[in-house]
Amino acid sequence: MTLLVANGLRKAFGGVEAVIDVGFAVAPGEVVALIGPNGAGKSTCFNMLNGQLAPDRGTIELGGKNIAGLPPRAIARLGVGRTFQITATFASMRVRENVQAALQSFADKSYGLWRAADTLCREEAQALLARVGMADQAERQCGTLAYGDLKRVELAVALAGKPRLLLMDEPTAGMAPAERLALMSLTASLARRDKIGVLFTEHDMDTVFAHADRILVLDRGRLIAEGSPAAVRNDPTVRRVYLGAGTMYGEAT
């Protein structure tokens, strides 16, 4: 079964073609990495998938429905979640309150003078925090958390929308190596258990080769390789363009 299918995606900015005839698929529960040098077109692809940019050409199907060109809110409602390179949490709010706010937004719940927002979706928020290993930090302010814990909160916020597809833009940027592996191990475990497709960009190749089921490689807007970590690691074009001929990521040295 296929969850996401992108076909013939093109996007240009003036005379610069950022994405050129890119196509790929993501299955439920599959963890796919999108890698490439700076300027390869990764962010442009992501922004087309979640509606921040409309493709000049091509289709994006989610569960068989073409979502290309729909606004981000509509795409989110159809089951596409996203995390960003820079964490997007409310620093002055408690961890639990950040997740509650996301749950209330996706459920279109509001509150009146007779019912405080703090009481809405409280149990659901606590359950989500337990899934990402943050239940014991629920009452702390986000502004006091370590960076790795903030990334877990952001993951809980993204899961509040019950996504079928999760887009993660450099999820481990700024994290220590052990934190990177722990976050992506958690993400992969949740994705496979709940059949959530994950597409992530990442510059840390150890993280990519440790957790991706499949890897897509972009260069200058074009998809130059696609396959298993082993196939991509040994692809001569990928090694020349991006990985470096003397580097064998994901293998013991």
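Just so it is clear, the model here is predicted, and its values are computed rather than measured.

## Digging into the sheet that holds strand 1 (residues 4-13)
Stage number 1. The 4 strands are arranged 2-1-4-5 in an open sheet whose pairing can be described as antiparallel. Strands with a single pairing partner mark the edges of an open sheet, and in this sheet they are strand 2 (16-26) and strand 5 (65-66).
Stage number 2. Judged from the 7 bridges that link them, strand 1 and strand 2 form a sheet pairing that is antiparallel. Residue pairing for strand 2: Leu-4 is matched across the bridge by Val-26.

## Here's the deal with the pairing of strand 10 (residues 222-227)
The side chains of a regular strand alternate between the sheet's two faces.
Stage number 1. One ladder, built from 5 bridges, connects strand 9 (residues 214-219) with strand 10; its direction is antiparallel. Bridge pairing in strand 10 links Leu-216 to Glu-226.
Stage number 2. Connecting the antiparallel pair strand 9 and strand 10 is a turn made up of 2 residues, with Arg-220 showing a positive phi of about 55 degrees.

## So, helix 4 (residues 122-131)
Stage number 1. For helix 4, the full list of buried residues reads Ala-125, Leu-128 and Leu-129. The buried residues of helix 4 occupy one face: seen down the axis, they fall within an arc of 100 degrees.
Stage number 2. Here the buried face of helix 4 lies against helix 3 (95-107) and helix 5 (147-159).
Stage number 3. Residue Gly-133 follows helix 4 closely and has a positive phi angle near 75 degrees.

## Observations regarding the pattern of salt bridges
Stage number 1. Inspection of the entire model under this criterion finds 13 salt bridges.
Stage number 2. The salt bridge partner of Glu-97 is Arg-94, with a shortest N-O separation of 3.1 Å.
Stage number 3. For Arg-94, a relative accessible area of 35% corresponds to the partly exposed category.
Stage number 4. When the shortest N-O distance is used, the salt bridge between Glu-139 and Arg-94 registers 3.4 Å. You can see Glu-139 sitting in the loop between helix 4 and helix 5 and its partner Arg-94 sitting in the loop between strand 6 (80-83) and helix 3, a full 45 residues away along the chain.
Stage number 5. Each of Arg-94, Arg-96, Glu-97 and Glu-139 takes part in salt bridges that share partners, so that together they form one network.

Rules behind the numbers
Residues numbered from 1 in each chain as written. Predicted model: local features only at pLDDT ≥ 70, side-chain atom pairs only at ≥ 80, totals over all residues. Heavy atoms only, no water. Pairing = 2+ DSSP bridges. Helix = DSSP H or I, 4+ residues; strand = E, 2+ residues; numbered from the N terminus. Buried < 20%, exposed > 50% of the residue type's maximum accessible area, 1.4 Å probe, protein only. Arc of directions from axis to C-beta. Contact = heavy atoms within 4.5 Å. Salt bridge = Lys/Arg side-chain N within 4 Å of Asp/Glu carboxyl O.

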